[in-house]
Amino acid sequence: MKKSKYEIDMCNGSIMDKLISFALPLMLSSILQLMFNAVDIIVVGRYTGSQALAAVGSTTSLISIFTNLFIGISLGANVLAARYYATGRDKEMSETVHTAISLALISGIVMAFVGVAIARPALELMDTPSDVIDLSVVYMRIYFAGMPFFMLYNYGAAILRAVGDTKRPLIFLAVAGMANVVLDLLLVIVIPLGVAGVAIGTVTSQMISCILVLRCLYKSEGSYQFRFSKLTIKAEHVKWIFQVGIPAGIQSTVINFSNAMLQSSVNSFGSTAMAGYTAANNILGFLYVSVNAVTQACMSFTSQNYSVGKTKRMDRVLLDCIILTVAASAVLGVGAYVFGNSLLGIYTADEEVIQCGLEILSITTVPYFLCGIMDLLPGALRGMGHSAVPMVLSVIGTVGTRIVWIYGFFPQNRSLYFLFISYPASWIFTIVMQAVCFYFVRKQCIRSVEERTL
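Residues numbered from 1 in each chain as written. Predicted model: local features only at pLDDT ≥ 70, side-chain atom pairs only at ≥ 80, totals over all residues. Heavy atoms only, no water.

S.K.: Before we go on, may I ask you to explain the overall build of the protein chain in this structure?
M.R.: Each helix and strand in the protein chain was counted, giving 17 helices and 0 strands. What you see for the protein chain is a C-alpha radius of gyration of 21 Å, in line with the 22 Å of a compact globule of 454 residues. Taking the principal axes of its C-alpha atoms as reference, the protein chain extends roughly 65 × 45 × 35 Å. Among the 454 residues that make up the protein chain, the fraction classed as buried is 60%. Long-range pairs, those at least 24 residues apart, make up 84% of the contacts in the protein chain with a sequence separation of at least 6. Between the centroid of the 30 positive side chains of the protein chain and the centroid of its 24 negative side chains there is a distance of 11 Å. (Helix = DSSP H or I, 4+ residues; strand = E, 2+ residues; numbered from the N terminus. Rg over C-alpha atoms; globule rule 2.2 N^0.38 Å. Buried < 20%, exposed > 50% of the residue type's maximum accessible area, 1.4 Å probe, protein only. Contact = heavy atoms within 4.5 Å. Lys, Arg positive; Asp, Glu negative; His and termini not counted. Charge placed at Lys NZ, Arg CZ, Asp CG, Glu CD.)

S.K.: Is there a simple way to think about the packing of aromatic side chains in this case?
M.R.: The geometry of an aromatic ring pair is captured by the separation of the ring centres together with the interplanar angle, meaning the angle of the planes. Scanning all chains against the criterion turns up 11 aromatic pairs. For Arg227, the ring lying beneath its charged end belongs to Tyr218, and the centroid distance is 3.9 Å. It is Arg414 that lies over the ring of Phe269; its NZ or CZ is 4.7 Å from the centre. (Phe/Tyr/Trp six-rings, centres within 6.5 Å; stacked < 30°, edge-to-face > 60°. Lys NZ or Arg CZ within 6 Å of the ring centre and 35° of its normal.)

S.K.: Sorry if this is basic, but what is going on with a nonpolar patch on the surface here?
M.R.: Together, Val181, Leu185, Leu186, Ile189, Val190, Ile191, Leu193 and Ile200 make up an exposed nonpolar region whose accessible area comes to about 600 Å². Here the nonpolar patch gets 5 residues from one element, more than from any other, and that element is helix H7 (residues 167-190). Note that Ile189 resides in helix H7. Exposure remark for Ile189: the relative accessible area of 42% places this residue in the partly exposed category. (Patch = residues over 30% accessible without salt bridge, like charges linked within 9 Å, V, L, I, M, F, W, Y side chains within 5 Å. Areas by Shrake-Rupley, 256 points an atom, 1.4 Å probe, with all protein chains shown as cover. Salt bridge = Lys/Arg side-chain N within 4 Å of Asp/Glu carboxyl O.)

S.K.: Help me understand empty space enclosed by the protein in this model?
M.R.: A water-sized probe, rolled over the atoms, reveals where empty space remains. Within the structure shown, the criterion is met by 2 cavities of 30 Å³ or more. Here the second largest cavity defines a volume of roughly 50 Å³. In this structure, the second largest cavity is lined by Thr302, Met314, Asp315, Leu318, Ala380, Met384, Phe438 and Arg442. Elements supplying a minimum of two residues to the lining of the second largest cavity: helix H11 (311-338) and helix H17 (422-453). Take the lining of the second largest cavity: its biggest share by element is 3 residues, from H11. Looking at side-chain class alone, the lining of the second largest cavity contains 5 nonpolar, 1 polar and 2 charged residues. (1 Å grid on protein atoms, 1.4 Å probe; cavity = no way out; pocket = protein on both sides within 12 Å on 5 of 7 lines; lining within 4 Å. Points joined across faces, edges and corners; volume = space filled by probe spheres on them. Nonpolar A, V, L, I, M, F, W, Y, C, P; charged D, E, K, R; others polar.)

S.K.: I'm lost on the packing of H7 against helix H8 (residues 195-219) in this one. Help?
M.R.: The packing of two helices is summarised by the inter-axis angle and the distance between the axes. For the pair H7 and H8, interaxial distance at closest approach is 8 Å and the crossing angle is 155°. It follows from the interaxial angle that H7 and H8 lie roughly antiparallel. H8 is crossed by H7, and the crossing has right-handed handedness. Of H8, the residues touching H7 (which contributes Arg168, Phe172, Leu173, Val175, Ala176, Ala179, Asn180, Leu183, Asp184, Leu187 and Val188) are Gly197, Val198, Ile200, Gly201, Thr202, Thr204, Ser205, Ile208, Ser209, Leu212, Val213 and Cys216. Along the lines of polarity and charge, the residues of the contact of H7 with H8 split into 14 nonpolar, 7 polar and 2 charged. (Axes fitted to C-alpha atoms, helices over the stretch in contact; angles between N-to-C directions. Parallel < 35°, antiparallel > 145°, perpendicular 65-115°, else oblique. Left-handed = near helix turned anticlockwise from the far one by under 90°.)

S.K.: What is the right way to read the packing of helix H10 (residues 271-307) against helix H12 (residues 340-347) from this model?
M.R.: Closest axis-to-axis distance for the H10/H12 pair is 9 Å, and the angle between their directions is 115°. Taken together, the axes of H10 and H12 are roughly perpendicular relative to one another. Crossing of H10 against H12: the hand is right-handed. Across the interface between the two elements, Ala279, Ala280, Asn282, Ile283 and Phe286 from H10 touch Leu343, Leu344 and Tyr347 from H12. Its residues assigned to classes, the contact of H10 with H12 comprises 7 nonpolar, 1 polar and no charged.

S.K.: Please clarify how the side chain of Asn305 should be interpreted in this entry.
M.R.: Within the secondary structure, Asn305 sits in helix H10. At a separation of 3.1 Å, a polar atom in the side chain of Asn305 contacts the main-chain carbonyl oxygen of Met10. Leave out the neighbours within four places in its chain, and Asn305 touches Met10, Cys11, Lys310, Arg313 and Val317. (Polar contact = N/O pair within 3.5 Å; in protein donor to acceptor, adjacent residues only side chain to side chain.)

It is worth stressing that arrangement in space is one thing and function is another; only the former is reported here.
Next up, the structure:
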């Protein structure tokens with residue numbers, strides 16, 4: 001089924017090398033996308049000061065809460081497109097592409113208006129300190145103004161991932177990332193706009209990546225070719241996209257809500273701890289997107305193989321993905337722990353800020369493979385079209401554990417180290433529940449495949 005040098009045949013041949021070929025460019029793409037925020041943090045931390053650094057960092061959890069629901073819906077588009085592509089249903093594939101892009105445009109515009117309107121009230125609700133809240137509001141409002149570009153890129157990239165193309169999005173983000181670096185330096189050092197400057201640089205880079213991915217879809221000759229004149233909303237495709245995507249989005253949103261509550265606990269230590277958390281959380285972000293690339297590969301490969309009834313190959317995909325997840329997270333997690341002081345020094349020269357960051361990294365980095373496995377099992381289930389139950393279990397396991405920890409144990413043991421023990425504790429609890437869920441859902445899906453082939 002491989003029709004171009006960018007696509008991957010996920011249903012035939014060896015698996016591990018194709019998973020690596022899929023996941024590695026996606027991993028690098030996600031790292032580059034995260035670099036948008038990392039460059040913001042480094043530039044403001046080095047050239048503007050710790051207050052500006054805290055201001056940018058204090059928006060991270062809030063931005064994630066409001067964007068992850070819509071980004072989660074793009075996973076539904078990815079799974080549906082992968083199924084239609086694997087089974088050669090070109091008409092449905094084209095309709096899915098144009099429905100997904102329409103949803104991206106609408107959700108991006110809605111997010112822009114909502115984000116600008118609620119920026120200050122939401123930051124006040126999180127107890128953002130008075131010495132940084134004005135700068136945080138400026139950054140958040142400018143960032144949300146660029147939401148249409150952000151959404152269009154992510155949905156366009158989801159379509160490309162459905163056919164195995166993760167290389168061209170990497171190229172697009174490399175171009176946008178270089179533009180972001182240049183603009184941040186220009187708008188902070190040369191033209192001293194401070195927090196507003198880095199926000200403008202980020203939005204501009206998102207616009208560049210958006211234009212490049214839409215141009216790629218426009219010039220494609222396959223069933224996923226995009227035309228503005230064909231933009232549509234097909235109810236049957238929207239229903240299926242929402243069935244898989246909304247639970248995934250709710251899961252990410254609620255988990256990030258728990259992170260926002262944790263951010264409030266960090267805020268209680270003051271702006272120095274906030275800056276340390278900002279830097280440490282950005283390093284953890286690099287770990288997350290690395291293991292999440294394997295989860296994305298698992299979801300796409302599982303979706304295609306499930307649609308053509310290859311259940312044994314589907315099982316092998318999951319096993320190989322577990323091996324990749326553990327290997328990648330072990331190497332990166334141990335590396336972040338060993339070189340934590342040097343890595344945090346990239347973001348700030350303030351020794352107190354670095355010490356706060358090291359407290360957080362000391363408990364979260366080495367066991368990070370648990371987070372990878374925790375996300376991998378729901379990814380495989382989404383590939384089979386089951387998203388609601390994994391969402392409920394993830395919310396109970398992750399959010400429930402952290403709420404109990406923050407409000408039950410943390411007040412008696414107030415330290416950043418103790419606060420962030422909630423991370424590995426929640427990962428372990430969630431893995432146990434997801435594994436039980438996977439066992440029963442997999443049996444049901446295999447019966448469904450057998451009934452289709454009778």
